[in-house]
Amino acid sequence: MIVEESSHISKLQELFNDTEELLQFGTWQWDVATDKISWSEGMFRIMGYDRETAPQLSDEFYLSHVHPSDAEELRHIRSNAIATKTPFEYTYRITTHQHQQRIINIKMKFVLDNQGEVVKGVAINRDVTEKTQMLHDLMHYKRVMGQKEEFLNVGNWELELATNKMTWSDGMFQLLGYGAQDKKHEIDLFEFYRLHMQPEEVKKANNAIQEVLTTGETYVRQSTLITREGALKSVEVFGKVLKDQQGKPAKILGTVRDVTRLKEYEQELEIKVQALNRSNQELEEFAYVASHDLQEPLRKLTTFGERLKNKCADQLSEEGTQYLGRMMASAENMRILIDNLLEFSRVTRAQNLFERKDLNEIVQEVLQDHDFDGEDPKTEVLVQDLPSVEMIEPQIKQLFNNLLSNAFKFRRKDTVPMISIKSERLTKTEKDKLKLRNGNLYYKIMVTDNGIGFEETYREKIFQLFQRLHGKAEYPGSGLGLAICRKITDNHKGLIMASSTPGHGSTFSIILPETQAL
């Protein structure tokens, strides 16, 4: 019978030791008169000692492991508790036998003798290091999230669908104009939120929730909130449905973002864009009218110059003939400039319809019209397989005509002009780099020549109006050809870029979308 009882006690002791280890606590007693203490197995584990090799246990020995400032506070709290014969609780830092820093929570009560004097302290120590760290991390996370919400003007919320119970982050209170002192945990946030919405917005919010519960898992909508001060805020609301184990909607997680300033910026930008469009339209109309009206006096200047040359050439001195020739050359340059200005204006003002065309056919037509054979029979033009894209056909013809004309005009002396035209499909990475829409297919068409080239510092300047890198006597032209090319690519929601090395030719890269739908 004694053996069975001893076995039972042993099992209970083993169970208690396992519980201490699992829950990371230890129990101990302190004899006030002798200052001796006794530890459970859990205490030895917490303090990092082995029962067989541990030194003699005493209160001072234990306190020597407590952080000095905490040890002083612990003595003070314990003395007050003994004087009042009341239990106490305290959390403090210790250093274990293995020099590890741990955080301990102690709860101690006292045993009294027949005269009511304290003779023994009974305590439980819990290792709360991990819990304290978790609480610290949680507080840090909440603090960081609060700072992010304040900086980004957002608030987060959660709605339990079964009870309509809503919980908020601090950001939601800030959005509505409330501070920390205004938070009341007992209020119904679901109804409180609706008090800050206009009646029609409440109805839209209910419809959005019902729709997302029926048809999907997320929704985004624009809304308006009324702040504590009565100001209106434009917000963007995002919601995501979470389902339970049976696949039924259980709650909605949401975010509210203040987009009031963004809306104001959009409105201001829209006004500026409209004003800019009006200004551009006026400038385009002026350029068209001015260029058109200049043609008549130019025609008269050219006509009378021709008559003077035909009828009075023999009466002019050599110097007079020279002046007349320079005047006629200037008139011709003026005619080219006016024609190009009119062409630039037509490209800008054009409202042509887009059609899907094969670029191979377009380039062949341009080559036939250009007649390189008549200018230089040795000119080589290599055209590889080109794609079909939606285009304004006359404009794309003009684009390639201008580029091919430049390639031939700026050829190197004593060198056979060689021009290649090839294409490739843009990758996602390339589209991202150029900030193009990923939803569309884009092609890069490269027109490469072996001409005189130019410095890379001029690769943007050459697309500006009236910009020339060479004198008119050496390379005639108005400086509008590449500006027209850029305007055409803009009209097609595309891009044009240039790269070159002096003496080694140039490459003009045209980016065109396959369709104009997006």
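None of the values given here were measured: they were computed from a predicted structure.

Colleague: Whenever I open this one, the overall build of the protein confuses me. Can you help?
Modeller: For the protein, the count of helices and strands is 15 helices and 17 strands. Evaluated residue by residue, the protein yields a buried proportion of 35% over its 518 residues. The long-range share in the protein, meaning contacts at least 24 apart out of those at least 6 apart in sequence, stands at 57%. Counting every atom, the protein has about 32,000 Å² of accessible surface; 53% of that belongs to carbon and sulfur.

Colleague: Help me understand the pairing of strand β4 (residues 101-112) in this model?
Modeller: Strand residues, when the strand is regular, have side chains that alternate between the two faces of the sheet. Pairing of strand β3 (residues 88-95) with β4 involves eight bridges; the strand directions are antiparallel. Each bridged residue has a counterpart across the sheet, and for Tyr-90 the counterpart in β4 is Ile-106. The pairing of β4 with strand β5 (residues 118-127) spans nine bridges and is antiparallel. Across the sheet, the residue bridging to Ile-106 is Asn-125, located in β5.

Colleague: Any chance you could explain the sheet that holds strand β16 (residues 495-500) here in plain terms?
Modeller: Two orientations exist for strands paired in a sheet by backbone hydrogen bonds: parallel and antiparallel. In spatial order, the strands read β12-β14-β15-β17-β16; together these five strands make up an open sheet with mixed pairing. Each end of this open sheet is capped by a strand with a single partner; those strands are β12 (380-383) and β16. The sheet shows a mean angle of 15° between the axes of neighbouring strands, direction not considered. Examined bridge by bridge, β16 and strand β17 (residues 506-513) share six bridges and lie antiparallel to one another. When the sheet's bridge partners are listed, Ser-499 is paired in β17 with Thr-507. In this fold helix α13 (residues 393-409) packs onto β14 (418-425), β15 (442-449), β16 and β17, with an angle of close to 170° to the strand it touches most, β17. Docked against the sheet, helix α15 (residues 481-491) engages β16 and β17, running at close to 140° with respect to β16.

Colleague: For this particular structure, what's the right way to read the packing of aromatic side chains?
Modeller: For any two aromatic rings, the description comes down to two numbers: the centre-to-centre distance and the angle of the planes. Counted according to the given criterion, the structure contains 13 aromatic pairs. Aromatic side chains Tyr-49 and Phe-61 sit 5.5 Å apart centroid to centroid with 55° between the ring planes, which places their arrangement in the tilted category. Separated by 12 residues along the polypeptide, Tyr-49 in the loop between α2 (41-47) and α3 (59-63) and Phe-61 in helix α3 bring together distant segments of the chain. Here Phe-61 falls in the buried class, since its relative accessible area comes to 16%. By the ring-pair criterion, three or more aromatic residues cluster together here, those being Trp-28, Trp-39, Phe-44, Tyr-49, Phe-61 and Tyr-62. For Arg-411, the ring lying beneath its charged end belongs to Phe-408, and the centroid distance is 4.1 Å. Positioned over the ring face of Phe-463 is Arg-486, at 4.4 Å from the centre of the ring.

Colleague: Looking at this model, I keep getting lost on the pattern of salt bridges. Mind explaining?
Modeller: Pairs may arise between side chains of opposite charge once their charged atoms sit close together. For the coordinates displayed, the defined rule picks out 20 salt bridges. In this structure, Lys-251 and Glu-158 form a salt bridge, with 2.9 Å as the shortest nitrogen-oxygen distance. A residue pair is termed long-range when its members are at least 10 positions apart, and Lys-251 in strand β10 (residues 249-258) and Glu-158 in strand β6 (residues 154-160) qualify at 93 residues. In this structure, Lys-251 and Glu-160 form a salt bridge, with 3.4 Å as the shortest nitrogen-oxygen distance.

Colleague: I keep staring at the nonpolar core and nothing clicks. Help me out?
Modeller: Side chains that are nonpolar tend, in soluble globular proteins, to be buried together. Grouped together as the largest cluster of nonpolar side chains are 31 residues, with contacts concentrated most on Ile-396, Phe-400, Leu-403, Ile-445 and Ile-510. Those elements that provide at least two residues to this core are α11 (359-370), β13 (388-391), α13, β14, β15, α15, β16 and β17. With six residues, the single largest contributor to this core is α13. Core analysis: the next-biggest nonpolar cluster, separate from the first, contains 29 residues, Trp-39, Leu-57, Tyr-92 and Ala-123 among them.

Colleague: How should I be thinking about the packing of α13 against α15 in this particular structure?
Modeller: To describe two helices that pack against each other, one gives the angle between their axes and the distance between the axes. Where α13 meets α15, the axes come as close as 9 Å, and the angle between the chain directions of the two elements is 145°. When the axes of α13 and α15 are compared, the crossing they make is left-handed. Seen from α13, the contacting residues are Gln-395, Ile-396, Gln-398, Leu-399, Asn-402, Leu-403 and Asn-406; seen from α15, they are Gly-481, Leu-482, Ile-484, Cys-485, Ile-488, Thr-489 and Asn-491. Taken together, the residues of the contact of α13 with α15 sort by class into seven nonpolar, seven polar and no charged.

Rules and cut-offs
Residues numbered from 1 in each chain as written. Predicted model: local features only at pLDDT ≥ 70, side-chain atom pairs only at ≥ 80, totals over all residues. Heavy atoms only, no water. Helix = DSSP H or I, 4+ residues; strand = E, 2+ residues; numbered from the N terminus. Buried < 20%, exposed > 50% of the residue type's maximum accessible area, 1.4 Å probe, protein only. Contact = heavy atoms within 4.5 Å. Areas by Shrake-Rupley, 256 points an atom, 1.4 Å probe, with all protein chains shown as cover. Pairing = 2+ DSSP bridges. Axes fitted to C-alpha atoms, helices over the stretch in contact; angles between N-to-C directions. Phe/Tyr/Trp six-rings, centres within 6.5 Å; stacked < 30°, edge-to-face > 60°. Lys NZ or Arg CZ within 6 Å of the ring centre and 35° of its normal. Salt bridge = Lys/Arg side-chain N within 4 Å of Asp/Glu carboxyl O. Core = buried A, V, L, I, M, F, W, Y, C linked by side-chain atoms within 4.5 Å. Left-handed = near helix turned anticlockwise from the far one by under 90°. Nonpolar A, V, L, I, M, F, W, Y, C, P; charged D, E, K, R; others polar.

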